[in-house]
Each structure stands twice: as C-alpha cells, then as structure tokens.
Amino acid sequence: MIKLKADSEVELMRQSAAILRETLLMVGELIKPGITTAELDKVAEEFIRSSGGEPGFKGYHGYPATLCTSINEQVVHGIPGPRELEEGDLIGIDCGVIKNDYYSDSTRSFAVGKISSEAEKLMKITKDALDSGLDKARSGNHLSDISNAIQKHAEENGYGVVRELSGHGIGKELHEEPQIPNYGSPGRGPILEAGMVFAIEPMFNEGTEEIKTLKDGWTIVTKDGKLSCHFEDTVAITKNGPEILTR
Ligand code: MF3
Ligand code: CO
C-alpha cells in the first residue's frame, strides 16, 4: 500500500527537505582536494542539528554517519572517514534528514577540481535521467513511467543501470512502498496520485551494471571498477504536478 500524505504532512516534509537542501549546498561548497569525507560529515551533522533536524541515516540499520560519501567506483553507501578528496574525483553525497517526524532524502554528485570529460558526461546524463524521472511524477501516470524515463537515458548512452537498488516511497519511514526501479517498461504498476511522496534516485555506471559490497558491509562498488554516479531528490506529487521538495 502506498501511503498518501495530506497537504499538512507534505508541509512537514517540505520543512525537512529544506534543511536537507541547505545541508547539501553547504557541503558542496566545501568540496575541494584535501578535505576528508569525515570533515564533510561533521559539518553536515552539526548543520542539521542546529537547524532543528536529525540526521536521517545515522543509526539506520546501524549506519554510522550522517552522509554517505561515495567516490568514483563507489556506487552508494560509502562511509565517511580519513580519506582525502583528490583532484579528478567524482563524489556522491547522499543525506537524509528527519524533521517533524518526517524523512527527506537527497543526493548530489560533485566534481573535485577538474574531472575527466567522461566523468562530466556521466554526471550530466545521470542528472538528466533524474530530471526526466521527476517529471513523470504526475497523477495519472503509471509508476513505471518514472522507471522507463530514467532507463532511456542510460540506454542511449551505453551506461549500466544498477538493478539491485531502487528509489522508494518516503514519509515517516525512510523507505516506504513502492520500490521505484531505475529501469522498466512504461505503463505498468500503480497509477500515481496526489499525496504520494517519492525519493527518486538513478545510479548509473560507466561500465557494467554489476555491483558488489565491500567488507565494511556498506560500501557498494562497481564490479569492474569503473565510475558510477548517483543523484536523488524527494518529490511530492501534487494537483499541480511534481513538487521537488529537496530543490
Ligand atoms: N538514499 C539511500 C537510500 O535510499 C540512503 C540510505 S543509506 C543508509 O537507501 F545508511 F541509511 F542506509
Ligand atoms: Co533514497
């Protein structure tokens, strides 16, 4: 069952998402060669708490940090630590906030200094795919119209779409129904309605779609070691179309 949110609940989620948006903007400003991912994590946690929110990921199934910091071949769930960013790295910063008992969830990917033209292209296409998916978050569409819109961008560019990880409903839980795969045929699944709130999150690989989990139990990397990129926004379906809460 997909939980529909009342307007009053969407307003509470808007406030959660506003803190998250500010957090990611602030972290983005700090990204440069030499900074560690642990430093980024500390800034994010302090900012969220000082804004009256709580980190949404810290403690979630035992996850130890506020951010997921996933560098280069890391797809998602990289754990912040002493690693210093280097010129040419591509880093995904995934963050969740709880405010008013509601979650918000968003990811931005950033270039560290100058990155290769291949990395730039992967970033652009992944972001374009997210934008296309968000635009399908409209009442009357089918759920898989979102999936299909995302997949097309990967297909056109020869990128692998990570299969094992999906977008999701979001609200009082970080992960609610439905699962939103980043691939699929259009016109399938539930019909979308105003009041649904989704986290949409394409993960595209430069090479094969295959992934594996590192020994830390969290970090997911590409099997072939090639680059991966991730963008994510929380979007509410409203009478007037998609409202991207995390922008
Ligand atoms: N955006 C990710 C997701 O939707 C973040 C979860 S990380 C975790 O799965 F640490 F909280 F598990
Ligand atoms: Co998510």
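A quick note: this is a predicted structure, and the numbers were derived from the prediction, not measured.

1. Description of the sheet that holds strand S13 (residues 228–230)
Paired through their backbone hydrogen bonds, the strands of a sheet run either parallel or antiparallel.
Thinking step 1. A sheet is described by the order of its strands in space; here 3 strands give the open sequence S6-S10-S13, paired in antiparallel fashion. Looking at which strands have only one partner, the edges of the open sheet turn out to be strand S6 (160–161) and S13.
Thinking step 2. Relative to S13, strand S10 (residues 203–205) runs antiparallel, the two being bridged by 3 bridges. By the bridge assignment, Asn205 is partnered in S13 with Ser228.

2. Details of the state of the cysteines
Thinking step 1. Inspection of every chain in the model, using the stated rule, returns 0 disulfides.
Thinking step 2. Sulfur of Cys68: no disulfide; nearest cysteine sulfur belongs to Cys95 and is 8.6 Å away.
Thinking step 3. Judged by relative accessible area, which is 4%, Cys68 ranks as buried.

3. Some details on the nonpolar core
Thinking step 1. Membership of the largest hydrophobic core comes to 28 residues, with the highest contact counts inside it found for Leu122, Ile146, Leu192, Phe198, Ile200 and Phe204.
Thinking step 2. Secondary structure elements with two or more residues in this core: helix H3 (117–135), helix H4 (143–157), strand S9 (197–200) and strand S14 (233–238).
Thinking step 3. Once residues within four sequence positions are removed from consideration, Ile200 is found in contact with Leu130, Gly133, Leu134, Ile146, Ile150, Phe231, Glu232, Asp233 and Val235.
Thinking step 4. Formed by 18 residues, the second largest nonpolar core is a distinct cluster that contains Leu40, Ala44, Ile48 and Ile91.

4. Some thoughts on the sheet that holds strand S7 (residues 167–169)
Thinking step 1. Taken together, the 5 strands give an open sheet; going across it, the order is S8-S7-S9-S14-S15, and neighbouring strands pair in antiparallel fashion. Only two strands of the sheet have a single neighbouring strand rather than two, namely strand S8 (176–180) and strand S15 (241–244). Across the sheet, the axes of successive neighbouring strands diverge by a mean angle of 25°, strand direction being ignored.
Thinking step 2. This element, H4, spans S8 and S9 of the sheet and lies at about 40° to S8.

5. Some details on the coordination of the cobalt ion (ligand 2)
Thinking step 1. Only Asp105 (OD), His168 (NE2), Glu201 (OE) and Glu232 (OE) from the protein coordinate the cobalt ion (ligand 2), and they sit 2.0 to 2.3 Å from it.
Thinking step 2. Here the cobalt ion (ligand 2) is ringed by 6 donor atoms whose angles at the metal span 67 to 166°, and the overall shape comes out irregular.
Thinking step 3. The sequence motif formed by the donor residues of the cobalt ion (ligand 2) is D-x62-H-x32-E-x30-E. Of the two residues, Glu201 is situated in the loop between S9 and S10 and Glu232 in the loop between S13 and S14; the sequence distance between them amounts to 31 residues.

6. Let's talk about the layout of surface pockets
Thinking step 1. In this structure, the largest pocket encloses a volume near 390 Å³.
Thinking step 2. The element contributing the most residues to the lining of the largest pocket is S8, with 4 residues.
Thinking step 3. Residues belonging to the lining of the largest pocket are distributed by class as follows: 10 nonpolar, 8 polar and 6 charged.
Thinking step 4. Estimated volume of the second largest pocket: approximately 170 Å³.
Thinking step 5. Residue lining of the second largest pocket: Lys5, Asp7, Val10, Arg14, Ala194, Gly195, Ile237, Thr238, Lys239, Asn240 and Glu243, and that is the complete set.

7. Some details on the site of ligand 1
Thinking step 1. Taken together, the residues surrounding ligand 1 are Phe57, Tyr60, Tyr63, Cys68, His77, Asp94, Asp105, His168, His175, Glu201, Trp218 and Glu232.
Thinking step 2. The separation between a nitrogen atom of ligand 1 and a polar side-chain atom of Asp94 is 2.7 Å.
Thinking step 3. A distance of 2.9 Å is found between an oxygen atom of ligand 1 and a side-chain nitrogen or oxygen belonging to His168.
Thinking step 4. Protein coverage of the free-state accessible area of ligand 1, which is 330 Å², stands at 93%.
Thinking step 5. Judged by its atoms lying within 2 Å of the grid points, ligand 1 is housed in the largest pocket.

8. Quick look at the packing of H3 against H4
Thinking step 1. Contact geometry of H3 with H4 gives a least axis separation of 7 Å together with a crossing angle of 155°. Relative to H4, H3 is oriented roughly antiparallel. Note on packing geometry: the crossing formed by H3 with H4 is right-handed. Packed against H3, whose contacting residues are Lys121, Ile125, Asp128, Ala129, Ser132 and Gly133, the element H4 presents Ile146, Ala149, Ile150, His153 and Asn157 at the interface.
Thinking step 2. Broken down by class, the residue content of the contact of H3 with H4 amounts to 5 nonpolar, 4 polar and 2 charged.

Parameters and conventions
- Residues numbered from 1 in each chain as written.
- Chains lettered and ligands numbered in written order.
- Predicted model: local features only at pLDDT ≥ 70, side-chain atom pairs only at ≥ 80, totals over all residues.
- Heavy atoms only, no water.
- Pairing = 2+ DSSP bridges.
- Helix = DSSP H or I, 4+ residues; strand = E, 2+ residues; numbered from the N terminus.
- Disulfide = S-S within 2.5 Å.
- Buried < 20%, exposed > 50% of the residue type's maximum accessible area, 1.4 Å probe, protein only.
- Core = buried A, V, L, I, M, F, W, Y, C linked by side-chain atoms within 4.5 Å.
- Contact = heavy atoms within 4.5 Å.
- Axes fitted to C-alpha atoms, helices over the stretch in contact; angles between N-to-C directions.
- Donors = N, O, S within 2.8 Å, 3.2 Å for Na, K, Ca; no water.
- Tetrahedral: all angles 85-135°; square planar, octahedral: opposite > 155°, others 65-115°.
- 1 Å grid on protein atoms, 1.4 Å probe; cavity = no way out; pocket = protein on both sides within 12 Å on 5 of 7 lines; lining within 4 Å.
- Points joined across faces, edges and corners; volume = space filled by probe spheres on them.
- Nonpolar A, V, L, I, M, F, W, Y, C, P; charged D, E, K, R; others polar.
- Near = heavy atom within 4 Å.
- Polar contact = N/O pair within 3.5 Å; in protein donor to acceptor, adjacent residues only side chain to side chain.
- Areas by Shrake-Rupley, 256 points an atom, 1.4 Å probe, with all protein chains shown as cover.
- Sits in = over half its atoms within 2 Å of the grid points.
- Parallel < 35°, antiparallel > 145°, perpendicular 65-115°, else oblique.
- Left-handed = near helix turned anticlockwise from the far one by under 90°.

As far as function goes, none of this settles anything; it's purely spatial.
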